[in-house]
Structures are given as structure tokens and as C-alpha cells.
Amino acid sequence: MRLVLPNPGLDLRIPNYDDLERMDKEEAGDRPKWDNKAQYILTCVGFCIGIGNVWRFPYLCQSHGGGAFLIPYLILLVLEGMPLLLLEFAIGQRLRKGSVGVWRAINPYLTGVGIASMLVSLLIGLYYNTLIAWIMWYLFNSFQDPLPWAQCPLNENRTEYVAECQESSTVDYYFYRVTLNSTTTIADSGGLHWPIVLSLLAAWTFICICYIRGIGTSGKAVYVTAILPYIVLAIFLIRGLTLKGALSGIKFLFTPDVDELIKPTTWLDAGAQVFYAFSIAWGGLISFSSYNPVHNNCMQDAVILSAITGLTSIYAATVTYTIIGFRATEKYDTCMNENIRTLLNAFDLPEDAVNQSNYDTALIHLNSSYPETVLGLGLKTCDMQKLLSEGVEGTGLAFIVFTEAITKMPGSPAWSVLFFVMLLCLGISTLFGNIEGVVVPLKDLNLLPQKWPQEALTGVTCVVAFILSLLFAQNSGLYWVTLFDNFAGSVPLLSIGLAELIAVSYIYGIDRFNEDLEFMIGKKPCIFWQASWRFISPIIILVILVFYLVTQVQEELTYLVWDPNSEVFPVLASIPYPSWINAIIFLVAGIPSLTVPTYALCRLVFVCCKKKLKSNKINLNQLS
């Protein structure tokens, strides 16, 4: 006997199998369909494989001991990501609706799950398209030789280079000062930065054109946006392997630091990354699967997409680590050469007396003979492992590490164009799913007129989104992007994923869900899927959610700022968030997370009040 909560009227809210067969044959209704299976798979691949695969995943590997992070990531990909992926595919294909429609059909009290997914898709889409705007800016400026971030600009008098650039680096200066013109705190907006405003306008216009008719146009675009990044990554991998130090980076990636596996934060970050990697709980996957034929093998799709997502993350990380290895080797060589030059000058030695191969031996000999002199030279510590493990958080990996490496390659403008075209394709294909996760729920909630054509729905959504995303076009925009990146997709995604598992397993009913899958694909799911939906995945998500909240409460909220007047400059200064930021975090993370219980509670109050009014009306009629 399996636990299933009472759910009256379910059979009346969902189509039966005969209705599904008839709808499939007659192509009834106004829902579009995929041209072919490849178009659907490519759209899902493009949605799941995004910009985060180039910077978020490699950064997490870098922060958690290289290969040590791959172990929990792949384990949780199977136990957490794959079951939720099949659940979303199957429930969308079975009920033929978007995220709001699916959960409302299962039970009206669950409508909040779809609304929460819509809010998360909107919030993530806002800052995600800001990243695309930055990518466009860099792409526009890549058609120059030399690249504008390859050298420092001259000051106003044109007598020397800008001091801020000389104190930091050319790539840092170009990103923080030229591109974003960053303020020193999130509280200081600095007004709108017009180059980014124009880039944002171009980004939203481009997305609107590509998605103007829903999957009818975006489905064609994915043949380019989903496939091209793999080709470009292959080109960069071949080029990266020819760079000095590339193998050191790859070795670091695939050599696990076993001590990291016992740290809870490694598993927490791996669990959260699975949600990002699969785009689970965003609502887009449910909508995409609803356009499939009713007998499409969604289980096979889930396994294929899981394999592609996991392998692509490792593939992209390998490419990234060839660049990280090259960059670390360049820094190591620079550090060693400076130390060697210092020793040669201090002890008046011949030029070839000390080199990298005999540096340690020479240093030990000189230190034993002249300890006070060596101590006063201020020699730097050159540690290759430390340079490899130095994490460049978030956007810095793409806009600083890669751009710095590209400037040192022959034909750098061509490599820059290739790199940012790849990022543009990755970003756009993910935005298709985000827009789908917003437009379809808006239609299901009747917030936009039903008679409006798809073009009008897409246009209005993109215009409103552009206006809202001007928040990120301020001079403080980088800090707002970081804030949204940290909080918009963390607790809300985990909460929605947990709600989806509970809703299907214990409200819709796991037995009914098994029968649906048997009807659609011809066989019932095996014990792995059963155990994952009912026990393993919910427990994993709950543990991650609780530990995440506990660690966040215990830590002081800080963020990194570009401040030329800081004592640690050119390193980014870590400062605490202002107190009012807690209200923003609640809006970004709290409201989507609480939408599910809040909607259910409001509906319960509404239904109770309606029953009471109806009862009072009946009593009055009887008295009269």
C-alpha cells in the first residue's frame, strides 16, 4: 500500500488515454509540435548547456580540489538530476501543458509550483541576458587588432598609461572600468552605463526575433546555437593543447583531492550545480516536452540528455583547464624569472648561472652562505599548484582569464571572435528555455489576452524584461548580477524541485505515474526510478536545502568590489552587503520559494470563504 494524499476530481482535470490518442492523431488544440526528434533534443541540450558550463562548473572544480568535485557531481547527476529530468519530461508529455497548467491539473492547490518556476525563469533570464549583453560588447570590440584589452590606454594628457590600468592589468581594467565602469559599492548605482544599455537592447531584440513565434522560430535557431559551441570548443581544445602548461591544467582537473570529498560544501555545491546544469525547475523543460508525440520515449530522452550534460560539463572544463594551465604556467614563469633576475643582480652572477631547472639548488646554496642577503631580497613564492587552484569566481573566468590568454595567442582577434560567438550561442539557446518558461505560464494564468498572437506575447515579454534588466545596466550592475546569480537560482530551484517530487509521488500518485509511463513508452520504470522519485532524490534535495540555509545564516554576507582606493587593490576587495540587501534577497530568493505554500494557503482561505458564503446563502433562502 503506497501513501497517496486525497486528490478529488483528478480524473476530470486530466485527459484520459483515449483523449491523448485522439489528440495525437488529430493534432488537436493550438499547441505547436516539433518538426522532428533532433530539433527537440537539440533545444533541450541548448537549454541545459549554457554559459555556466564554461565558467561556473570549472570554477567549482577549481574551488573543490579539481577532480574531487567531479565525483559528487556525477553521483548526484544520476541520483538527483536524472530522476527529476524524467519526471518533468514525462509529466509535461502526459498532461500536454506548460508548467502552470501541469501542476494546476494535478491539483489546483499546486498552481504555486508553476508560478514559482515562472518567477525563477524570469529572474534568471533578466541577469542571464545581461551576460549576453556583455558578451555582445566584447564580440563587437573583438574586430580590432590589437584587441582593446591587450594594452593599457593613455591618460588624458597622452603622456603615460592610465595609472589604474598599470596598477592592475589590462584585462581587469577593460572589464571593470571600460566595459562596466563599476562603482565601489552596490549602494552607489552610478547611473546608467549607456554602452551596456545599448548592448542590452541589442540582446533582447535578438532574443525576441529568434523566439518571435515560439518553438517555430527558436526550433530552427538551435541547429546553430546548440551545435556551434561544440565545434568551437573542439577548436579551442586543439589550440589549448598546443599551449605551454595545458597538460598541467588538465592533470589538475582530473587529479582528485580526496580531502575535499569529506567536506559538506563540496557536496552542497555539486547538488546545486546539477540543478543549474539540467535547468530543472525552470519550467521550460515541461513546456518543451508537452509538444512531443504522446508515445515519445521520454525515458530514453532523459538518459541521453543526462549523458550529454554530464559529458559536456567535463568536456568544457577540459577546454577551460588547458587555458587555466597555460595562464598559471605564464604566471609561474614570470614569477621564477623575476626571482632569478633578482638573484643574478644581487650576487653579480653570470646570466646562465641560475635557471628554472637549478633554481632551488642555487637558492639553497646562496641562502646557506648569505642568509641575511637572501632574506632581504623579498623573493616571491612561486607555487604552480597554488596558481592552478586560484579560483576566478563567476564571470571573471570568461571575461578575464580567457581574454588574457587570448591576447597571448597569435591571431588573437580571430580567437576572440570565435570565443564570444560560442558564448553567445550558449547564452541564447538557454534564454529560449527561459522565455518559454515565462510566456507559456503567462498564457495559462490568463494574465495576457488569449487572443493575442504568439508574436505579441513574445514582444511584450521581451520589452518588459528589457526595462527590468536596466537594473543591471547601472555602473553597479556587476554587483547586482552577482547577487541574482547567487540567490535567484539556489533556494528557489531546490524548493521547487522538492515540491515537484512530492506532488508527483504523493499527490498525483506514483502508481498512476507508472501507468502513464507504461502507456507512453510501453514499459514501467524500474526500481531505480521508483526509489529515486519517492525517497532518494527528495532526501538529497532536503539535506542540501537545509545545509545550504544553515551555512548561509552562519556566514556574513559579503561581495567583491573593484576599488582602486582599496588597500588590497588590484585584488577585488571583500566588503559586507548593506543591511537593506536582505530585503532584496528575500524578494529574489524568498518570494519564489514561498510561492508554493502561500498560493496553497490563499486558495484554502478562498475556498473556505466561498463555502461559508454559499452555506449562508442557502440558510437565508431556507429562512425566507
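Structure first, text after, so check above.
Predicted model, so just to flag it, every value in this text is computed and none were measured.

Parameters and conventions
Residues numbered from 1 in each chain as written. Predicted model: local features only at pLDDT ≥ 70, side-chain atom pairs only at ≥ 80, totals over all residues. Heavy atoms only, no water. Core = buried A, V, L, I, M, F, W, Y, C linked by side-chain atoms within 4.5 Å. Buried < 20%, exposed > 50% of the residue type's maximum accessible area, 1.4 Å probe, protein only. Helix = DSSP H or I, 4+ residues; strand = E, 2+ residues; numbered from the N terminus. Contact = heavy atoms within 4.5 Å. Disulfide = S-S within 2.5 Å. Phe/Tyr/Trp six-rings, centres within 6.5 Å; stacked < 30°, edge-to-face > 60°. Lys NZ or Arg CZ within 6 Å of the ring centre and 35° of its normal.

> So what exactly am I meant to see when it comes to the nonpolar core here?
It is characteristic of soluble globular proteins that their nonpolar side chains tend to be buried jointly. The biggest cluster of nonpolar side chains holds 192 residues, and the ones touching the most others in it are Trp-103, Phe-419 and Leu-423. Considering each element in turn, this core owes the most residues, 19 residues, to helix H7 (residues 111-140). Apart from residues no more than four positions distant in its own chain, Trp-103 is found in contact with Leu-87, Leu-110, Thr-111, Val-113, Gly-114, Ile-286, Glu-500, Ala-503 and Val-504. Residues Phe-347, Val-354, Val-374 and Cys-382 belong to the second largest nonpolar core, which totals 12 residues.

> What is the right way to read the state of the cysteines from this model?
Note on terminology: disulfide describes a covalent bond linking the sulfur atoms of two cysteines. For the structure on display, the rule yields two disulfides. In this model Cys-152 forms its disulfide with Cys-165; the gap between the sulfur atoms is 2.0 Å. Handedness of the Cys-152-Cys-165 disulfide follows from its S-S torsion of about -85°: it is left-handed. Here Cys-152 is found in the loop between H7 and helix H8 (163-167), whereas its partner Cys-165 is found in helix H8, with 13 residues between them in sequence. The exposure class of Cys-152 is buried, given its relative accessible area of 13%.

> Any chance you could explain the side chain of Ser-313 here in plain terms?
Along the polypeptide, Ser-313 turns up in helix H16 (residues 298-347). On the basis of relative accessibility, which here comes to 0%, the residue Ser-313 falls in the buried class.

> Can you walk me through the packing of aromatic side chains in this structure?
Aromatic ring pairs are reported here in terms of the distance separating the ring centres and the angle at which the planes meet. This structure, assessed with the given rule, holds 40 aromatic pairs. Aromatic side chains Phe-175 and Tyr-176 sit 5.0 Å apart centroid to centroid with 70° between the ring planes, which places their arrangement in the edge-to-face category. Assessed through its relative accessible area of 0%, Phe-175 is described here as buried. Ring geometry for Phe-252 and Tyr-321: centres 6.1 Å apart, planes at 25°, overall stacked. Placement of Phe-252 in helix H13 (residues 246-254) and of Tyr-321 in helix H16 is noted, with a sequence separation of 69 residues between them. Taking the relative accessible area as the measure of exposure, Phe-252 reaches 11% and is therefore buried. Taking the ring centre of Tyr-508 as reference, the NZ or CZ of Arg-512 above it sits at 5.7 Å.

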